[in-house]
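# Overview (structure and organization)
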Amino acid sequence: MTGGYGRGVPDAIFAEQRLARIYDAFDGPRDDLDAYVAIAGELGAGRVLDVGCGTGCLAILLAATGRTVVGVDPAAASLEVAKAKDGSAAVTWIHGDAAAIPAVGADCALMTGNVAQVFLTDADWAQAVAAIGAALRPRGYLVFETRRPERRAWEQWAADTGPVTLDVPGCGRVEQRREVTAVHLPLVSFRYTYTFLAGRSDRGAAGGAVITSDSTLRFRGRDELESSLAAQGFRVLDVRDAPDRPGREFVFIAERTT
């Protein structure tokens, strides 16, 4: 899961250097990203804005297709990881929150993972959508995914409490645990706890170090999202199933009408 974009101070999982370095390893293969590259092609988007780009997986993938790509994220540690990857020089990276989104005249703006759900208040969400609209060309597109509230994903998270241990290059063996800490719908909070099990690594993470990261997501229904988009000058063109989580997520495709 990803999140932490819209609240000014990003979650530790993105902002803490040791956690940013292991994020991709625990996030696993991003099989969902090809679908977004395909949507960018479907929409004829040559200039793409990746909002909440994190460690840059999608931005770099898009840039490799010859598109002009701008990635924006408030977590400097995540951007450092992104900039160290092959192909990163083809992307323009911007450190900042939703208010820092530049007016680049993008054909399409994308929000993948849980980025759209980290805007917890109506005002934060409206501000983000308005900022994205200002960054798009006239009739530009906003594409994002969001978990369907009726599928109650937090119940699966609460039941799946077993640790996951990986041997991360440069960090050694790291254990991840997740727990749901609060459910006050439409808000759900959870905590990741990471234990660095190996001795001191070449990246400076001492064995036995324990770092926690707390996150909160807002679960908005389809009607609420459509109304909020319309209020900011967007027209919903399509609502699709997420290819990697069929039946559990919506993928919104909206067009800027103002």
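Above: the structure in question.
Residues numbered from 1 in each chain as written. Predicted model: local features only at pLDDT ≥ 70, side-chain atom pairs only at ≥ 80, totals over all residues. Heavy atoms only, no water.

## Concerning the sheet that holds strand S11 (residues 249–256)
Taken in spatial order, the 7 strands make up an open sheet running S3-S2-S1-S4-S5-S11-S10, and their pairing is mixed. Of all the strands in the sheet, just strand S3 (91–95) and strand S10 (234–241) have a single pairing partner and so form its edges. With strand direction ignored, the average angle separating the axes of adjacent strands in the sheet is 20°. The sheet contact formed by strand S5 (residues 136–147) and S11 spans 7 bridges and is antiparallel. Following the sheet pairing, phenylalanine 144 is matched in S11 by phenylalanine 252. Contacts from helix H5 (residues 76–83) reach strand S2 (68–73) and S3, with the element oriented near 165° to S3. (Pairing = 2+ DSSP bridges. Helix = DSSP H or I, 4+ residues; strand = E, 2+ residues; numbered from the N terminus. Axes fitted to C-alpha atoms, helices over the stretch in contact; angles between N-to-C directions. Contact = heavy atoms within 4.5 Å.)

## Looking at the pairing of S5
Within S5, 9 of the 12 residues are buried, leaving the element largely enclosed by the surrounding structure. Pairing of strand S4 (residues 106–111) with S5, which is carried by 5 bridges, proceeds in the parallel orientation. Residue pairing for S5: cysteine 108 is matched across the bridge by tyrosine 141. At this point the chain moves from S4, through helix H6 (residues 122–135), to the parallel S5, and the crossover so formed is right-handed. (Buried < 20%, exposed > 50% of the residue type's maximum accessible area, 1.4 Å probe, protein only. Right-handed = clockwise from strand over helix to strand, strands pointing away.)

## Digging into the side chain of serine 215
Topologically, serine 215 is positioned in strand S9 (residues 210–218). If we skip the residues at most four places from it in the chain, serine 215 touches Asp11, Val188, Ser189 and Phe190.

## Quick look at the packing of aromatic side chains
Going through the model one piece at a time under the given rule, you end up with 11 aromatic pairs. Ring centres of tryptophan 125 and phenylalanine 144 lie 5.6 Å apart, and the angle between their planes is 75°; this geometry places the pair in the edge-to-face category. Of the two residues, tryptophan 125 sits in helix H6 while phenylalanine 144 sits in strand S5, which places them 19 residues apart along the sequence. Take tryptophan 125 and phenylalanine 144: they sit in the same class, and that class is buried. For the pair phenylalanine 144 and phenylalanine 252, a centre-to-centre distance of 5.1 Å together with 0° between the ring planes defines the contact as stacked. With phenylalanine 144 in strand S5 and phenylalanine 252 in strand S11, this residue pair connects regions lying 108 residues apart in the sequence. Of the two residues, phenylalanine 144 and phenylalanine 252, both sit in the buried class. Connected via pairs of aromatic rings, a cluster forms that spans Phe26, Trp154, Trp157, Phe190, Tyr192, Tyr194 and Phe219. (Phe/Tyr/Trp six-rings, centres within 6.5 Å; stacked < 30°, edge-to-face > 60°.)

## A look at the packing of helix H2 (residues 17–27) against H5
At a minimum axis separation of 8 Å, H2 and H5 run at an interaxial angle of 45°. What the angle tells us is that H2 and H5 run oblique. Considering only the axes of H2 and H5, their crossing is right-handed. Contacts between H2 and H5 involve Gln17, Ala20, Arg21 and Asp24 from the first element and Ala77, Ser78, Glu80 and Val81 from the second. (Parallel < 35°, antiparallel > 145°, perpendicular 65-115°, else oblique. Left-handed = near helix turned anticlockwise from the far one by under 90°.)

## Re the nonpolar core
Ranked by internal contacts, the top residues of the largest apolar core, which has 51 residues, are Ile22, Leu49, Ile101, Met111, Phe144, Tyr194 and Phe196. Of the residues forming this core, the biggest block, 6 residues, is contributed by H6. Dropping the residues within four chain positions of it, methionine 111 is found in contact with Val51, Ala116, Phe119, Trp125, Ile132, Leu142, Val143, Phe144 and Glu145. One finds Ala45, Val48, Leu62 and Leu79 within the second-largest nonpolar core, a separate group that totals 26 residues. (Core = buried A, V, L, I, M, F, W, Y, C linked by side-chain atoms within 4.5 Å.)

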